Amino acid sequence: MGEFYQESRRIIAEHELDFFAGFHVYPRHVAHTVMIIFNQDSEKGRRRSDLAFRELAAVAKRYGYSEYRVHLDYMDLLADQYDFNNHALWRTQERVRDTLDPNGILSPGKHGVRSSRYRS
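What you are looking at is a predicted structure, and each value in this text was computed from that prediction instead of being measured.

K.L.:
Please set out the environment of Asn-103 residue by residue, giving values where relevant.
P.N.:
Along the polypeptide, Asn-103 turns up in the segment after α4 (84-100). What makes Asn-103 partly exposed here is its relative accessible area of 45%. Considering only alpha carbons, one finds Asn-103 and Asn-85, 18 residues apart in sequence, at a separation of 27 Å. In this structure Asn-103 touches Ser-115, Arg-117 and Tyr-118, once residues within four positions along its chain are discounted.

K.L.:
Lay out the pairing of strand β1 (residues 20-25) with the relevant residues and their values.
P.N.:
Across six bridges, the pairing between β1 and strand β2 (residues 30-35) is antiparallel. Across the sheet, Phe-20 pairs through a bridge with Met-35, a residue of β2. Hairpin geometry of β1 and β2 is characterised by an intervening segment of four residues between the two adjacent antiparallel strands.

K.L.:
Quick one: what's the story with a nonpolar patch on the surface, residue by residue and with numbers?
P.N.:
On the surface, Met-1, Phe-23, Val-25 and Val-30 cluster together to form a nonpolar patch covering roughly 360 Å² of accessible area. Of note, Val-25 is situated in strand β1. Judged by its relative accessible area of 65%, Val-25 falls in the exposed class.

K.L.:
Summarise helix α2 (residues 43-63); cite the residues concerned and give the values.
P.N.:
The terminal C-alpha atoms of α2 lie 30 Å apart, and with 21 residues this matches the ideal 30 Å at 1.5 Å per residue to within 8%. Every buried residue of α2 is listed here: Gly-45, Arg-48, Ser-49, Ala-52, Phe-53, Leu-56, Ala-57, Val-59 and Ala-60. Looking at the buried side of α2, the elements it contacts are α1 (2-14), β2 and α3 (75-81). Note on α2: the residue one or two positions beyond its end, Gly-64, has a positive phi of about 85 degrees.

K.L.:
Could you give me a rundown of the pattern of salt bridges, with the residues and numbers involved?
P.N.:
For the coordinates displayed, the defined rule picks out 10 salt bridges. A salt bridge links Glu-16 to Arg-48, with the shortest nitrogen-to-oxygen separation between them at 2.6 Å. Remark: Arg-48 occurs in helix α2 and Glu-16 occurs in the loop between α1 and β1; sequence separation between them is 32 residues. Glu-16 sits in the exposed class, given a relative accessible area of 54%. Put simply, Glu-43 and Arg-46 hold a salt bridge, and the shortest N to O gap is 2.6 Å.

The rules behind these values
Residues numbered from 1 in each chain as written. Predicted model: local features only at pLDDT ≥ 70, side-chain atom pairs only at ≥ 80, totals over all residues. Heavy atoms only, no water. Helix = DSSP H or I, 4+ residues; strand = E, 2+ residues; numbered from the N terminus. Buried < 20%, exposed > 50% of the residue type's maximum accessible area, 1.4 Å probe, protein only. Contact = heavy atoms within 4.5 Å. Pairing = 2+ DSSP bridges. Patch = residues over 30% accessible without salt bridge, like charges linked within 9 Å, V, L, I, M, F, W, Y side chains within 5 Å. Areas by Shrake-Rupley, 256 points an atom, 1.4 Å probe, with all protein chains shown as cover. Salt bridge = Lys/Arg side-chain N within 4 Å of Asp/Glu carboxyl O. Expected span 1.5 Å × (residues − 1).

Read these as layout, nothing more, since geometry by itself doesn't imply function.
Below is the structure:
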C-alpha cells in the first residue's frame, strides 16, 4: 500500500493538483482514499483531474486495487479493470441483468453492466 501511496502523490503532483489522501482502517482491510479536488469551471482543471484519475486507476489496477464509488463517467473504465478470465465477472453480471431486467429499465449501464438491449 505504501508504494501505491507514493505513486498517488507523484501522479497528483505531476498534474499540478493538491494531494488530499487518507486511510480508513478496518479489522480486515484498509481503504486508501485519494480525493481529486479541482475547479470544475476551469477547462484546464477538468482536463488535469481526468488525466490524473485515469492514471491513478491504471496504477491501482497494476497493484490489484480498485476504485470505490466511481463517478458515472468512469464506470466502464472501472468495470473493465475486473478482467480476470476474459471478464468473467462482467459476463456473469450481464447474464443476471438480462434475466432480471430484460428490458434494461433499472439503472441501465450502472457500473458498466448493460442489458443486451444496450450492448454494442
